[in-house]
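Structural characterization, general
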Number of protein chains: 2
Amino acid sequence: MNENLERVHRLQERLKKQQIDGCMITQNVDLYYFTGSMQAGYLFVPKEGNAVFFVRRSVIRAERESAVTVEPLGSFRSFGERLASLYRSVFDPAASHKVKLAAEFDVLPVQQLKRLETVLPQVEWVDGSMIVRELRMIKSPDEIGHIREAGRIINLAFEDALSKLHIGMTELELMSRIEWFVRQHGHIGLMRMRGYNQEVITGMVGAGEAAATPTYFDGPAGGQGLTAASPQSAGRRPIAANEPILIDIGCCIDGYVIDQTRTVVIGTLPDDLLEAYGKSEQIIRSVESRLLPGTISEQLYMHSLQLAHAAGLGDHFMGYGDDQVKFLGHGIGLEIDELPVLAKGFSYPLQRGMVIAIEPKFTFPGRGVIGIENSYAITDTGFEKLTVSREGLIQL
Amino acid sequence: MNENLERVHRLQERLKKQQIDGCMITQNVDLYYFTGSMQAGYLFVPKEGNAVFFVRRSVIRAERESAVTVEPLGSFRSFGERLASLYRSVFDPAASHKVKLAAEFDVLPVQQLKRLETVLPQVEWVDGSMIVRELRMIKSPDEIGHIREAGRIINLAFEDALSKLHIGMTELELMSRIEWFVRQHGHIGLMRMRGYNQEVITGMVGAGEAAATPTYFDGPAGGQGLTAASPQSAGRRPIAANEPILIDIGCCIDGYVIDQTRTVVIGTLPDDLLEAYGKSEQIIRSVESRLLPGTISEQLYMHSLQLAHAAGLGDHFMGYGDDQVKFLGHGIGLEIDELPVLAKGFSYPLQRGMVIAIEPKFTFPGRGVIGIENSYAITDTGFEKLTVSREGLIQL
C-alpha cells in the first residue's frame, strides 16, 4: 500500500478509537504528509471509507502528486452540502447528535475554523492536533532516509563553513555561506516550525556573548539577530579568537529537516568553558545509553538535568536564569518542533521510528553558549545517529 | 510621540469607534508593529488608558526594545485575574454584558484562542484582524524608508545576478546567489506572509515553462520548486537561451519587504512574447497614471483586466485558465500580503502612505511567464517608485 494512504488509514484507526466521525486536514505540511501533495485545499478523512482531497489550487498539480483522490474544491459556499452528499453515513441528516470532526487546532487560524463552521453548521469541531502529531511522530524508513540525507548535506555545509571561518568574519557572513551551501544542495530555504510565531531559516551561528543573548525563540540559545524585527540567530558581530562559536544548523531536504550543533573555537577556551563543553558531551553519551525503545521521553530530560546539577552547572543548563528552556530535545521530521519532546509532561515511551534531536547546552551570559546536538533515529535495539559531523570541541 | 505608541493610540481610536473594549495582540509581526519588540507574549490594549506588553520570553530583551510598558507574563493561569485587576474599568465585575475583546483571528490558532477563553471567561472575542491590517496599511515615512532601503539592496542583488547569469545555470543556482547576496546585506532570511500556509523565502527565479507551472502559491507565477514538499519558486532546471527568465524577488530589511519582478532573456524571445512583455509595461504605465490619492484599489485591477482583454491576452493575464489569480497587486510592509489588495471587493481609496507592489504578468503554459513588478509608495500628488531596477525586457 502507498505510504500516504497507509497514513490516512492510521488516522482513521485513531478517529474510530476516539469516536470522532472524521478529520479535516488543512495545514500545508499535514496535507503533504497524508496526500503527498502540498497544494491548497481541504483533505477530508472520514473515520471509514475513502478520503478526498478537495483542492482549491492547483488542481492539475495536486492530481499529479496526491495519492489521495483529488477533486476540485469549486465553490466553498457549497462545500458543506457537497460533503454531506458525498459522505451520507457521516453527515446523516436523521442523526440526533452533531457530527464530530477533528481539525488541527494548534495551527488552524480562528478565521479558517469559522469559515468551516459556516458551511458545516451540523459539525462539532474538536482538536485533532495531538492525533496528527502523534501519527507523524513515528517515521517510516523512507522518511528517515530523507533526514539521513539532510544530515549528510548539513555535514558538508559544516565542513565547508569551517574551511572559511576566520577571525573578523561576522556571524552573518558565516551563516550566509552555510545557507548558500545547503540551498545549492536542495535546502528548500527554511526549516518549518509548527509553533505559533516561531521561525527558523537554517539555524544560527552565535559567537561569544551574542549567542547568549536571550530571546523569544524556543531554544536554549537565541542569538542577537539582525534587528528587533528578527531577534534571533546570526548578527553582524565579528567572530573573535578564544570565544565559543556555536554553530546550530540544519536544512530541509525533500521536506525533512535535520538539526545539529557543534562548538568551535579559533584558539582556545577558558578552563571552565572547556569543562562545561566536556560535560555536554558526557550528558549526550549518558543519554545515548538510555536511547532505547521503552525509555520514557521526559526521563531523558530529568536525567540530563540531574547530571547538569551534579556538575554544578544547573543554572547554565539550556539557557540561563529566567530564560532557560525546559527541555533537552525534540522530535524532528517535516517540522523542527515535533514529538516527542524531551521535557516534563511528555511521557512517550521511545519507539522505533522516532527521530529526536538532543541538545545539551550551557549558557554563560556575557561569554557564550557551548554544547552539542545530534539527531537520532530510534531503532529496535537502540539508535542510529543521523548526525555525521565530527564531535568534540573543534579547535581551529 | 514615539511611533509605536502612536500606533497603539490609533488602534484605540478604532476600538472606540467599533465599540470594542480592548484588543489582545499576539502575532509576532503585530507585536513588533505596536511595541517595537518581537519577544513572545500578549499585548493588551484597552480602548482607553495604558497598554501593557505581558512578556513570556525574553522579558529582559523586551524591556530594552518595547515602547510599550513591559511586564513579565508570569503564570498564564492567573493572567485573566491579573488583567481584571489591572484594568478594572474594562473588566467590570458588575457589568451585565460580556467584555468585548478583539484578536487577530486571521492568524491566531484556534488552540491559542481557547487558552485565552479559559483564563478570560467573561470575554466575548471578536475578529480584530481587519482593524490591525487597515492600521498597518498606511506607512509612516520611517517605514517607507526601510522599504526604500530594501529596494536599493534588491537592485544590487539583481544586478549581481545578471552579471552571473549564463546558459546552463540552474534556477536554483541563480536563486541561491541572490539569496546569499541579500542575506549578506541584512535580509532576515525570509519574507513574512500573513496568509495561512503561505511561504516565501526571497521570491523566485523561473525560466521557460518551469515558471508557468501552476501551484498553490497566491501569485501569478508559481514555479516548479525543488520537491512536492516545496512546490514553488526555483527548481533544478537549467536556464536556456531564448526563453523568458522571470526574476521575481524581494528581501526583508529591518522587518520590511520589497517585491519586484523583471523579465530577462539570454538571446531573444519570440514575437508574441515580446509583444506580451510590451503589454505588461503598457499596463503598468497606465496604472501608474491612476496611482493617486482617491483612486479605488479594485478599479486598478479592473482597469488592467480590460487592457489585458483588449490586447487579446485575457486568458494569459495573472496566470492561465483555472490557475489565474484575481488581483493585480498587493500592499507590502512588514508582510508581503498586506492591504490594499488590487482586486475586486477591495474598495480602499488610495491614500498617502500606502505601499503597493503592482505586477502585471502573462503566463504562457509550456513556454513561460513574462511581466514586470514595481513597488510604489503613494504620495500626496501621485507616487514614489521604490523599485529602482532598470525596466524594459533585459536582453543579455
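None of the values given here were measured: they were computed from a predicted structure.

Considering empty space enclosed by the protein
Scanning the model with the defined rule gives five cavities of 30 Å³ or more in all. In this structure, the largest cavity spans a volume of roughly 780 Å³. Lining the largest cavity we find 38 residues, and of these A:Met193, A:Gln198, B:Met193, B:Asn197 and B:Gln198 sit closest to its centre. Elements that contribute at least two residues to the lining of the largest cavity include exactly helix 2 (28–35) of chain A together with helix 2 (28–35) of chain B. Residue composition of the lining of the largest cavity, by class: 18 nonpolar, ten polar and ten charged.

Details of the sheet that holds strand 17 (residues 394–395) of chain B
The pairing of strands in a sheet happens through backbone hydrogen bonds and is either parallel or antiparallel. All names here are of chain B. Pairing in this open sheet of four strands is mixed, and the strands run 7-8-9-17 from one edge to the other. Here the strands that pair on one side only, and so sit at the sheet edges, are strand 7 (203–207) and strand 17. In the packing of helix 7 (residues 141–164) onto the sheet, contacts are made with strand 8 (245–253), strand 9 (256–265) and strand 17, and the angle to strand 9 comes to roughly 30 degrees. Docked against the sheet, helix 8 (residues 171–184) engages strand 7 and strand 8, running at close to 150 degrees with respect to strand 7.

Concerning the UniProt feature "domain: Peptidase M24" (unreviewed entry) in chain A
Those residues carrying the UniProt feature "domain: Peptidase M24" (unreviewed entry) are residues 146–380 of chain A in this numbering. Taken end to end, residues 146–380 of chain A is 28% helix and 21% strand, and its first and last C-alpha atoms sit 20 Å apart.

Points about the nonpolar core
The tendency in soluble globular proteins is for nonpolar side chains to be buried side by side. In this structure, B:Phe34, B:Leu43, B:Leu174, B:Ile245 and B:Ile247 are the most contacted members of the largest nonpolar core, which totals 75 residues. The biggest single contributor to this core is helix 7 of chain B, with nine residues. Sequence-distant contacts of B:Leu43, defined by excluding residues within four places in its chain, comprise B:Cys23, B:Met24, B:Ile25, B:Leu31, B:Phe34, B:Thr35, B:Ala51, B:Val52, B:Phe53 and B:Val68. Formed by 74 residues, the second largest nonpolar core is a distinct cluster that contains A:Ile239, A:Cys251, A:Tyr256 and A:Leu334.

As for the packing of helix 1 (residues 3–17) of chain A against helix 2 of chain A
Residue and element names in this part refer to chain A. Packing of helix 1 against helix 2 brings their axes to within 6 Å, and their N-to-C directions diverge by 110 degrees. On the basis of their axis angle, the class for helix 1 and helix 2 is roughly perpendicular. Between helix 1, through Asn4, Arg7, Val8, Arg10 and Leu11, and helix 2, the contact on the second element is made entirely by Tyr32, Tyr33, Phe34 and Thr35. Grouping the amino acids of the contact of helix 1 with helix 2 by side-chain chemistry returns five nonpolar, two polar and two charged.

Some details on the domain arrangement of chain A
All names here are of chain A. The domain architecture assigned to chain A consists of domain 1 (3–136) and domain 2 (138–395). Distance from the C-alpha centre of domain 1 to the C-alpha centre of domain 2: 35 Å. Across the contact, 18 residues belong to domain 1 and 15 residues belong to domain 2. Here domain 1 packs against domain 2, burying approximately 1,300 Å² in sum over the two surfaces, 43% of which is carbon and sulfur. Seen at the junction of domain 1 and domain 2, the total is five salt bridges. At the boundary of domain 1 with domain 2, the tally comes to eleven residue pairs in polar contact (both at pLDDT 80 or more). Breaking the side of domain 1 that touches domain 2 down by element, the ones donating at least two residues are helix 1, helix 2 and helix 6 (129–137). Sort the elements by how many residues they give to the side of domain 1 that touches domain 2 and helix 6 lands first, with six residues. When grouped by side-chain class, the residues that make up the side of domain 1 that touches domain 2 number eight nonpolar, two polar and eight charged.

Scoring rules and cut-offs
- Residues numbered from 1 in each chain as written.
- Chains lettered and ligands numbered in written order.
- Predicted model: local features only at pLDDT ≥ 70, side-chain atom pairs only at ≥ 80, totals over all residues.
- Heavy atoms only, no water.
- 1 Å grid on protein atoms, 1.4 Å probe; cavity = no way out; pocket = protein on both sides within 12 Å on 5 of 7 lines; lining within 4 Å.
- Points joined across faces, edges and corners; volume = space filled by probe spheres on them.
- Helix = DSSP H or I, 4+ residues; strand = E, 2+ residues; numbered from the N terminus.
- Nonpolar A, V, L, I, M, F, W, Y, C, P; charged D, E, K, R; others polar.
- Pairing = 2+ DSSP bridges.
- Contact = heavy atoms within 4.5 Å.
- Axes fitted to C-alpha atoms, helices over the stretch in contact; angles between N-to-C directions.
- UniProt positions renumbered as here; feature names shortened; annotations may be inferred.
- Core = buried A, V, L, I, M, F, W, Y, C linked by side-chain atoms within 4.5 Å.
- Buried < 20%, exposed > 50% of the residue type's maximum accessible area, 1.4 Å probe, protein only.
- Parallel < 35°, antiparallel > 145°, perpendicular 65-115°, else oblique.
- Domains from an automatic or database assignment.
- Buried area = accessible area lost by both parts, 1.4 Å probe.
- Salt bridge = Lys/Arg side-chain N within 4 Å of Asp/Glu carboxyl O.
- Polar contact = N/O pair within 3.5 Å; in protein donor to acceptor, adjacent residues only side chain to side chain.

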